[in-house]
Structures are given as structure tokens and as C-alpha cells.
Amino acid sequence: MITPVMPTYGRWDLAVEKGEGCYLTTTDGRKFLDFTSGIAVTSLGHCHPHVIEAVTKQAGALWHSSNLFRIPGQEKLAQRLVENSFADTVFFNNSGAEACELSLKVARKYQSTVGHPEKYRIIGCNGSFHGRSFATLAAAGAEAYLKGFGPVMDGFDHVAFNNLNEIRAAVTPETAGIIVEPVQGEGGVRAPSADYLQGLRALCDEFGLVLIYDEVQCGMGRSGKLFAHQWAGVEPDIMAVAKALGNGLPIGACLATEKAAVGMTAGSHGSTFGGNPMSVAAGNAVLDVMLAPGFFDKVNDNAKYLWSTLDGLVGQYPKLFDSVRGQGMLLGVKCVVTAGDVVAKARDKGLLVLTAGDNVLRILPPLVAGKAEIDEAVGILTQVASEWPAT
Ligand SMILES: *Cc1c(COP(=O)(O)O)cnc(C)c1O
């Protein structure tokens, strides 16, 4: 018999009840160190006091109005994102998929507005993830997620990630733009080589293409800068963010330059809930914390420590683990043994971590995790490794 909750997830038997900082407790009283952060969402930890205060205050004032009216908190959040990024303008949505979907729409609309309606195709990379809507599934091109859902939406081509020659060769007169995760999350926690993002920028400039970065997972501080591409020193034309933007209140955003958004005029897009007073109150509270002086210094210091302790673990157990990868607090351990088994054994010992594609153990601590929590987590992984059955 089908469960009342549609069974689209292989759920862990762990009923969550309360979160506090880096820890989650379950209805049966178990306590876990949460290095999943709700899949890169609760980056300030669970129940961050500043976010609680902002959202609680907003809840007593106004929940929803619609985008037919001006929403001061939305204007403020847009202004702050613009001030802290390449972008000139922002549209708020409710999820990462929607933010990516709109990014694709803006790219096509740009080309058609500047006189190139024939340019509608978008190049995406193998191993990407952009969400579960028809267009975002087609953009990522992962067959496992597309299977059974009918004809794949037209207009997407795919190339290997981190390969400039291949992506260059895939550009045609019909190409409108490129969508890339600056650090691939779901696909296996893959950071590209240092010159890849610069190469994409140069390619897009050469052919008049729109460069879209999907920073839904690697953005909003996860990489150790507010946006991951800022490490590379080059900027996209459009960017999708979501996950950590509201620390758990559903909010996504599509950021764009004035040039790229030239076709986005009244009536060209909309959302009932997008950027409503509650979600933007959370978003503003998140930025209050992340933009405070010294926040990222601490994150980067701890991220470096996490990398080196994981690297030590890999060196100690080369029969189980291959290497550390990723950037900032978006780290992966490429496993020799099955990553999912490591996740299960760690969970039994009170540590929550994830898998990613390519048999990778994905580690997403809250950005506020310090050396004590990192030691605890890697200690549990070390214990799991030390008890691993000999093969
Ligand atoms: C999670 C994710 C999405 C989809 O976000 P949803 O909020 O689940 O729709 C899109 N792109 C990337 C890179 C993601 O990690």
C-alpha cells in the first residue's frame, strides 16, 4: 500500500524533532551531529537565534501579500545581493529548480530580445544537477531522473564537465548559453581546474553566449566566499541560488546583469509566493550573519582544517578512501569502498553525512561548525574506518 507521503525518497529511519546548531535530535531521543545541513541549506546551523528573531518578528507583522505590491524586505534583499555580486537585478522564487528554470528562461529571452531568436539551445555538463522540473532535468541530462517522464524537453546539449575544448566544440549558431555549477554538488563534489571558469567566460564573450552559474548548492557561503565563482575572479551573466539563502525557509533567486535581463519586463515572469515577506526576512537575516566582518575568515579557517583532517583519514585508510575533493565546506571523500555503506555506519555512530555521485562521501557541515565539531565528525569516521571488516 502506498504511503500517504508519496514514496519518492529512500528515507532514513530517523524522525527529526529538534535542531540546535550543528545537532539534530529525533523523536526517540537520539542526537546526531548533522554534517548534511539539510543538503547545504541550514548553513548557519539549526535554529540560529538571529534568523529565529527575524522570522518570528515578520510572522507577527505580515506573511504574504503577492508581488502586485512592493515588498520592502524583498527590495532590501535584492539590493544587498546586487551590492555583493556581479548582478544588477534579482527575481525571487521558492526553490533551486525554479531559480535554474528562470535562469534558462532569461538566457533565451535575452537572445530573442537582442535579435537572435534562433539561439535557444543551452549547453550543460554531464554530472550536473539543476532540479526536477522538465527544463532543469533536460539541462542536466541525467538519464536516471528523466526516465519514464516522456519526451525530454528540446534545447539542451551536454558535454563533459571541466573540459574547455569539448564545450567549445559544442557551440553552434543555435547556442544561447551555458549552464554550469562552479562546484558540482550532487554529481560528486567536483571542483573544476583553476582556469575552467575563466575559459567559460572567454568562450561566452567570443560567441555572444549567456553564462549561467548554478550556485544553488555551492553558493551562499558554502565555498568559503559568498559565491563560489568569486574564487575564480570571473563573473556570470546569470546565477541561480537557493538552498542556504533562507537557512531553511524556502527561497531561491535568479540574479542577472542588466544586459542579460533586458527582456524581463512586466508580464514576462511571475511567482505567487516568490520573495514573500517571510522568506525574505529569513534571507536578510542570513545575509546579516554572513556579511558580518570576519565570518568567512572563520569559515575558511575551519574548512582548511576539515580538509586536512579528512586528508589525514584518507592517508590512514587508503584501502577505504581515495582522496578529498571539493571546496570550502562542500567537501567530498572519493571512496574505494561503497560510500553509502560509510554513510550508514557513520549514522549508527551519530554522524549524519551524505553521498554524492561518483561514489563520493559528501560532507556539508554547517558553516558555523568549529574545530570541536570537525574533530567529533572525523573521529566518528575514523572509528568507522578502524572497524571496517577486512576484505
Ligand atoms: C539542490 C539543487 C538544485 C535544485 O534545488 P531544489 O530546491 O531542490 O529545487 C539545483 N541545482 C543545484 C546545484 C542543486 O544542488
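Relevant structure appears above.
The structure reproduced in this document is the subject of the present report. Worth saying up front: this structure is predicted, and the values here are computed from it rather than measured.

1. Focus on the sheet that holds strand E5 (residues 121–125)
Stage number 1. The seven strands are arranged E4-E10-E9-E8-E7-E5-E6 in an open sheet whose pairing can be described as mixed. Edge positions in the sheet fall to strand E4 (89–93) and strand E6 (156–159), since each of these pairs with one other strand and no more. Here the strands of the sheet are splayed against their neighbours by 20 degrees on average, with no regard to which way each runs.
Stage number 2. Sheet topology note: the strand E9 (residues 238–241)/strand E10 (residues 252–256) ladder contains four bridges and is antiparallel. Residue pairing in the sheet places Ile238 in a bridge with Ala256 of E10.
Stage number 3. This element, helix H3 (residues 72–83), spans E4 and E10 of the sheet and lies at about 125 degrees to E4.
Stage number 4. Most of the contacts of helix H8 (residues 196–207) go to strand E8 (residues 210–214), to which it runs at about 150 degrees, and overall it touches E5, strand E7 (175–180) and E8.

2. A look at the state of the cysteines
Joining two cysteines, a disulfide is a covalent bond between their sulfur atoms.
Stage number 1. One pass over the full model with this rule turns up zero disulfides.
Stage number 2. Between Cys125, a cysteine without a disulfide, and Cys204, which holds the nearest cysteine sulfur, the sulfur-to-sulfur distance is 11 Å.
Stage number 3. Looking at Cys125, the relative accessible area reads 1%, which means it is buried.
Stage number 4. Of the cysteine sulfurs around Cys254, a residue in no disulfide, the closest is that of Cys100, at 9.0 Å.

3. Observations concerning helix H9 (residues 277–290)
Stage number 1. Its 14 residues place the ends of H9 20 Å apart at the C-alpha level, agreeing with the 20 Å of an ideal helix rising 1.5 Å per residue.
Stage number 2. Burial within H9 is extensive, with 13 of its 14 residues counted as buried.

4. Structural notes on the pattern of salt bridges
Stage number 1. The final tally for this structure, using the stated rule, is 14 salt bridges.
Stage number 2. Close ionic contact of Glu75 with Arg70 constitutes a salt bridge, the shortest N to O distance being 2.8 Å.
Stage number 3. A salt bridge links Arg80 to Asp288; the shortest N-O distance between them is 2.7 Å. Pair noted here: Arg80 is in helix H3 and Asp288 is in helix H9, with a separation of 208 residues, a long-range link.
Stage number 4. We classify Asp288 as partly exposed; its relative accessible area is 32%.
Stage number 5. Sharing partners across several salt bridges, the network here consists of Arg190, Arg325, Lys334 and Asp358.

Scoring rules and cut-offs
Residues numbered from 1 in each chain as written. Predicted model: local features only at pLDDT ≥ 70, side-chain atom pairs only at ≥ 80, totals over all residues. Heavy atoms only, no water. Pairing = 2+ DSSP bridges. Helix = DSSP H or I, 4+ residues; strand = E, 2+ residues; numbered from the N terminus. Axes fitted to C-alpha atoms, helices over the stretch in contact; angles between N-to-C directions. Contact = heavy atoms within 4.5 Å. Disulfide = S-S within 2.5 Å. Buried < 20%, exposed > 50% of the residue type's maximum accessible area, 1.4 Å probe, protein only. Expected span 1.5 Å × (residues − 1). Salt bridge = Lys/Arg side-chain N within 4 Å of Asp/Glu carboxyl O.

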